[in-house]
Amino acid sequence: MFLQTRFLTCLIAFLLSFPCYFFSHASPHFNDYLGKASGHNSPRTFINAIKTRELENWPWRKFGSKVGGRSLASLETINVNDYGAKGDGSDATEAFKKAWEAACSSEGSVLVVPKNKNYLLKPITFQGPCKSGITVQIYGTVQASADRSAYRSDIAHWLLFENVQNLVVQGGGVINGNGKTWWENSCKVNDELPCKEAPTALTFYNCKNLVVKNLKIQNAQQMHVSFENCVGVQASGLTIIAPGNSPNTDGIHVAGTQNIQISNSVIGTGDDCISIVSGSQKVQITGVTCGPGHGISIGSLGSGDTESHVSDVTVSDAKLSGTTNGVRIKTWQGGSGIASNIKFQNIVMHNVDNPIIIDQKYCDQAKPCKSQSSAVLVQNVLYQNIKGTSSSNEAIQLNCSDEFPCEGIVLQDINIQVGGGKAAKAFCNNARVTQKGDVSPNCMEA
């Protein structure tokens, strides 16, 4: 009897230890699957992440231990090659449409774009709503068609994700907008040509709980990535590049979007590295490296006498090099509304033309803009711990409206010099400024 009891005790202990042994010695294939499905590098980090409450609000929770009552291992993998894509540079648009339809209608899926393959796509919309959350794993290269006539039905978009919730787009692959032909036909390159719209490479419209990470996005036709009317966005680990002379190729554009975090990304293009326009709230930007380009901009706002609102924007721990602007707020005369509660903190600049600039008289058109009394109010803006060098003599330019002067502007611990260690200057017009700590150049001495 005693021996039977000992045997049963040992057997139970062995059976209880088996799951622990399995997870600690899982095969590389199982490890890779867990990492890919969850968006984490390993099952260990995936399991640890489940413990955090933050996951409850983000889409990768859909790819946790269960999806709609199903185990992680039962997630359906949908490979675009299984729907007719060849990955040899030939047109794969229809195959991607079919693969998306299958993923969107399934109870949790991973849509895979294989590595070491090149897929040519014409304009395509990945339409929601979908039955469950989706992870799109882009391992290979997705390349835009260079045939401009292919965009006749939708000149504004190339890749469009619309009305999708709990979406993850990741994988370390490449999205190539193949934009050269669009740049050559831009009125900003050749002023004899008419000004026409060009596609945004990657657009997320009306998406909720969205993660976009670990991708290289290059040579967009116009803007590279645009988040429009989205709620709950995390964008991280992005590399966005285009030639410094490519027109209107903003890196990341944020419009009408709330609760968005942009972090740990490298952006160098021919326009704003990041642009934030009307309707955007609670925007956090951290650890971004910018250059070449036009800097990090709020605006433009108020064009065409419109009403614009942007609030609660924080830009921190950024590095800007060789850009035409550093941190900028730009508004048109004649507009209305407010840009408020904005912080630029812990920023390093190297050889930047206009490191700190508020321009309430912005004008980006061939003809001079007429003077108007109305303006978008700029209010409660903090510039803190900003250091580096300016390629122009005026490192600080606050050119505010006569009728709606800038209010609540704080300069704290600023040290910007002209290259070679020369003292820079500040131009502060119609700006109500408070200075704290050591501030150079100094608005009070302007």
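Residues numbered from 1 in each chain as written. Predicted model: local features only at pLDDT ≥ 70, side-chain atom pairs only at ≥ 80, totals over all residues. Heavy atoms only, no water.

Trainee: So, the environment of Ala 339: which residues are in play, and what are the values?
Mentor: Its location among the elements puts Ala 339 in strand β25 (residues 336-352). Here the alpha-carbon distance between Ala 339 and Val 376, two residues 37 residues apart in the chain, equals 7.1 Å. Beyond its immediate stretch of four places on either side in the chain, Ala 339 contacts Leu 301, Val 310, Val 376, Leu 377, Val 378 and Gln 379. (Helix = DSSP H or I, 4+ residues; strand = E, 2+ residues; numbered from the N terminus. Contact = heavy atoms within 4.5 Å.)

Trainee: Before we move on, could you go through empty space enclosed by the protein and cite the residues and values that matter?
Mentor: In this structure the tally under the stated criterion is one cavity of 30 Å³ or more. Approximately 110 Å³ is the volume found for the largest cavity. Listed by contribution, the elements that provide at least two residues to the lining of the largest cavity are α4 (93-104), β5 (109-113), β8 (134-138) and β10 (157-162). Along the lines of polarity and charge, the residues of the lining of the largest cavity split into 14 nonpolar, no polar and no charged. (1 Å grid on protein atoms, 1.4 Å probe; cavity = no way out; pocket = protein on both sides within 12 Å on 5 of 7 lines; lining within 4 Å. Points joined across faces, edges and corners; volume = space filled by probe spheres on them. Nonpolar A, V, L, I, M, F, W, Y, C, P; charged D, E, K, R; others polar.)

Trainee: Help me get a handle on the packing of aromatic side chains, residues and values and all.
Mentor: Here the structure, examined in full by the defined rule, presents nine aromatic pairs. Plain terms: the ring middles of Phe 96 and Tyr 119 are 5.6 Å apart, the flat faces sit at 65° to each other, and that makes the pair edge-to-face. Here Tyr 119 lies in strand β6 (residues 118-121) and Phe 96 lies in helix α4, a separation of 23 residues in the sequence. Residue Tyr 119 is classed as buried on the basis of its relative accessible area of 0%. (Phe/Tyr/Trp six-rings, centres within 6.5 Å; stacked < 30°, edge-to-face > 60°. Buried < 20%, exposed > 50% of the residue type's maximum accessible area, 1.4 Å probe, protein only.)

Trainee: Which residues make up the sheet that holds strand β19 (residues 274-276), and what are the values?
Mentor: Read from one edge of the open sheet, eleven strands run β7-β10-β13-β15-β17-β19-β21-β24-β26-β28-β31, paired in parallel fashion. Each edge of the sheet is formed by a strand with only one pairing partner; in this case those strands are β7 (124-127) and β31 (425-429). If you compare each strand with its neighbour and ignore which way they point, the axes differ by 15° on average. Sheet topology note: the β10/strand β13 (residues 200-205) ladder contains five bridges and is parallel. Paired with Leu 159 across the two strands is Leu 202, which belongs to β13. (Pairing = 2+ DSSP bridges. Axes fitted to C-alpha atoms, helices over the stretch in contact; angles between N-to-C directions.)

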